[in-house]
Amino acid sequence: MTRDIISAKKNNYDAIIIGGGFYGVMIAYESACRGLKTLLLERNDFGSATSFNSLRIVHGGLRYLQTLDIHRFRESVGERKWFMENFPNLTRPISCLMPLYNKGLQRNSIMWAALNLNDILSLNRNKSVPPKNNLLNGKVISAEKVKEIFPDVDTKELKGGAIWNDGSIDDSQLVLMEILKVASDNGCTPLNYVEVKNIITHENQIKGVVAVDKKTGNEIEFHSPIVINSTGPWSRKLAKSFHKDFNDLFKYSIAWNALFNIDALSDHALAITPPKDNAKAYFLRPWKGKLFAGTVHEELTDVKDIPMPSDKSIDSFIADLNLSIPNLNLKREHILKIYSGILPVKKEGTDQLAVREVIIDHSKHEGPKGLYSLSGVKLTTSRLVAEKVVTKIFGSNITRNEIKFPVKSEREYGIFDFNWDSTKDRNGWKDILKTKIENESVVHLQDLILRRTSIGNNPLVAINQATTISKLFNWDEEKIINEINDLKEYYKKRGLSKALEN
Ligand SMILES: Cc1cc2nc3c(=O)[nH]c(=O)nc-3n(C[C@H](O)[C@H](O)[C@H](O)COP(=O)(O)OP(=O)(O)OC[C@H]3O[C@@H](n4cnc5c(N)ncnc54)[C@H](O)[C@@H]3O)c2cc1C
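Residues numbered from 1 in each chain as written. Predicted model: local features only at pLDDT ≥ 70, side-chain atom pairs only at ≥ 80, totals over all residues.

K.L.:
Is there a simple way to explain the nonpolar core in this structure?
P.N.:
Side chains of nonpolar character tend, in soluble globular proteins, to be buried together. Counting residues in hydrophobic clusters, the biggest one holds 122 residues, and the most contacted among them are Ile16, Val25, Ala28 and Tyr29. Setting aside its immediate chain neighbours within four residues, Val25 contacts Gly20, Phe46, Leu176, Ile179, Leu180 and Ala183. (Core = buried A, V, L, I, M, F, W, Y, C linked by C-beta atoms within 7 Å. Buried ≥ 20, exposed ≤ 12 C-beta atoms within 10 Å, placed from the backbone. Contact = placed C-beta atoms within 7 Å.)

Okay, here's the thing in structure tokens:
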């Protein structure tokens, strides 16, 4: 996967995909499964926007049972299975615990019924999934057992707990890269740091796009009769500039989680509702041994490149967690990183998340023939939505040959210990990183540290090791200093506290 713009320019493509998040990458993969030739253009690095900021859960559909949305439930369970089957070493089961205080629907009897329904409706969930990734049935447990699993639980009026199992995709950025690499080996040309500025049309038929290579500033034309706008939160802006505004394509909201520099509170993910009126549940998951918690949802009026919550919102979230868990004593200074992104909502100015993907064929609205725009709601179902998009465009007559993914060791994927120290590592780390630099379109230090490996999961390690790692590139002193400063800036803008950085 080399970044060869000159060769890329010479080809004609079955489709040009704009956007290298989970949705764009999955469209590239689904196209590859049908032998189609695609060009994928990403204006920054692959998977660096919303897709980098998820809570890293491949959700089944327990919560959709509340609204009896069985269609959505089945889709989610099926796609969770796809991830658990195809990436046995990059996914794992995660047990979730909800302490029950007999409030609202959070009662032992109601949860018992919901968990049973969840298990019955997902009977096929483990079919052809490697045993290590099988998901056990849910259960309701006693208050005593809850205390064993989660020692800091608020025990006042605790009546028991509900346990269910879901999928965790701890290093989702590496999964995205694996899918892109397989697509690239099978007909996709992926180019990062290439921003699409406009479409080219002739007599209202798409002919290609005009883009800018952000490395050189050069303008380039690429040719194809199909252009797929898969730019997530930016899809509406692009649709508007290429044709017209589609209100339903993406109504904005901000969603975020925080990674804290304190040990995880349990080996289970915890669904906790603060003891106050109209409180919403938070999800506190163990991630790399640390506490990773959220998701906080807020209103947002327009798309932003780095969407960050307000100070007030961060403080109120921390106060809620401290109120919910006695002795937690969480502080702002514990924040290692805020993972924040923009998600579509049902109605502007609310935080009520949209539930379905939107796929627009612009030609059906007097727009250019060959132009499509889409938005999706979660990474879990991105492959299925990609399948729908490709079928809508190219029809269902093309044979789909599922392409399998190579199973690798953790190191080959780029997984490093959360507290990795290069001076103590005798495991060929330099060769692994050099191979990635040469073969995986690495342009900046951040690409390697954050998205080709798991080193950047821990900002403190990333900043500490940045000088050593940057020596693997053929860069002069000035370039190295700039790249390291950019990395520090990246973390600062995303909540890394000064106290921790020093
Ligand atoms: C806080 C949070 C937690 C979440 N947790 C989960 C979870 O646990 N499980 C789950 O399934 N889902 C989760 N999600 C949802 C999931 O992350 C998103 O649904 C998914 O990542 C969206 O992918 P995307 O490809 O549509 O968007 P993006 O990842 O944003 O990709 C769009 C890409 O388009 C590029 N682009 C924009 N304009 C241009 C242009 N002009 N030219 C070229 N490229 C362009 C952008 O740079 C960007 O990389 C979460 C989301 C958030 C915000």
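K.L.:
Would you take a moment to explain the site of the ligand for this structure?
P.N.:
Around the ligand, the surrounding shell holds 40 residues, and the nearest of these are Gly19, Gly21, Ser51, Gly232 and Gly341. Listing elements by their share of the shell around the ligand, those giving two or more residues are helix H2 (22-32), strand E8 (194-202), strand E12 (252-263) and strand E16 (335-344). By residue class, the composition of the shell around the ligand is 17 nonpolar, 18 polar and 5 charged. (Near = placed C-beta within 6 Å. Helix = DSSP H or I, 4+ residues; strand = E, 2+ residues; numbered from the N terminus. Nonpolar A, V, L, I, M, F, W, Y, C, P; charged D, E, K, R; others polar.)

K.L.:
How should I be thinking about the domain arrangement of the protein chain in this particular structure?
P.N.:
It is common to give the size of an interface as the accessible area lost on bringing the parts into contact. Looking at the assigned domains, one finds that the protein chain contains domain 1 (5-51 + 173-250 + 354-394), domain 2 (252-352) and domain 3 (410-501). Using C-alpha coordinates to define each centre, domain 2 is positioned 26 Å away from domain 3. Facing the 11 residues of domain 2 at the interface are 11 residues of domain 3. Secondary structure elements with two or more residues in the side of domain 2 that touches domain 3: E12 and E16. (Domains from an automatic or database assignment.)

K.L.:
Even after reading the chapter, I still don't get the pairing of strand E13 (residues 269-272), so can you show me in this structure?
P.N.:
Successive side chains on a regular strand alternate, one facing one side of the sheet and the next facing the other. A two-sided burial pattern is seen for E13, the buried positions comprising Ala269 and Ala271 on one face and Leu270 and Ile272 on the other. Taken together, the 2 bridges between strand E4 (residues 92-100) and E13 define a ladder with parallel strand orientation. Residue pairing for E13: Cys96 is matched across the bridge by Ala269. Relative to strand E14 (residues 282-287), E13 is paired through 3 bridges, and the arrangement is antiparallel. Directly across from Ala271, in E14, lies its bridge partner Phe283. (Pairing = 2+ DSSP bridges.)

K.L.:
Got a minute to help me understand the sheet that holds E8 in this structure?
P.N.:
Across a sheet, paired strands are connected by hydrogen bonds in the backbone, their directions being either parallel or antiparallel. If you trace the 3 strands from one edge of the open sheet to the other, you get E8-E9-E10, paired in antiparallel fashion. The sheet terminates laterally at E8 and strand E10 (219-223), the two strands that pair on one side only. Pairwise comparison of adjacent strand axes, ignoring direction, gives a mean angle of 30 degrees for this sheet. Across 8 bridges, the pairing between E8 and strand E9 (residues 205-213) is antiparallel. Within E9, the residue paired with Val194 across the bridge is Asp213. (Axes fitted to C-alpha atoms, helices over the stretch in contact; angles between N-to-C directions.)

K.L.:
Looking at this structure, how should I read the packing of H2 against helix H6 (residues 172-185)?
P.N.:
For any two helices packed against each other, one specifies the crossing angle of their axes together with the interaxial distance. Interaxial distance between H2 and H6 falls to 9 Å at its minimum, and their mutual angle equals 35 degrees. The two elements H2 and H6 cross, and the hand of that crossing is left-handed. Mapping the contact onto sequence places Phe22, Val25, Met26, Ala28, Tyr29 and Ala32 in H2 and Leu176, Ile179, Leu180, Val182 and Ala183 in H6. Tallied by class, residues from the contact of H2 with H6 come to 11 nonpolar, no polar and no charged. (Left-handed = near helix turned anticlockwise from the far one by under 90°.)

K.L.:
Please clarify how unusual backbone geometry should be interpreted in this entry.
P.N.:
Leaving glycine out, the prevailing phi sign among residues is negative, and the prevailing peptide bond configuration is trans. Between Gly294 and Thr295 the backbone carries a cis peptide bond, its omega angle lying at -20 degrees. Positioned with a positive phi, Asn204 is a non-glycine residue whose angle comes to about 65 degrees. Tracing the sequence through the fold places Asn204 in the loop between E8 and E9. For Asn204, a count of 13 C-beta atoms within 10 Å translates into the label partly exposed. Located in the positive-phi region is Asn327, a residue other than glycine, with phi close to 70 degrees.

K.L.:
What exactly am I supposed to notice about H6 here?
P.N.:
Think of an α-helix as 3.6 residues a turn; residues three or four steps apart then line up on the same face. Over its 14 residues, H6 runs 20 Å from end to end, which matches the ideal 20 Å to within 8%, given 1.5 Å per residue. If you check which residues of H6 are buried, you get Ser172, Gln173, Leu174, Val175, Leu176, Met177, Glu178, Ile179, Leu180, Val182, Ala183 and Ser184. Elements in contact with the buried residues of H6: H2, strand E7 (188-191), helix H10 (410-413) and helix H12 (445-451). Following H6 by one or two positions, Gly187 has its phi on the positive side, about 115 degrees. (Expected span 1.5 Å × (residues − 1).)

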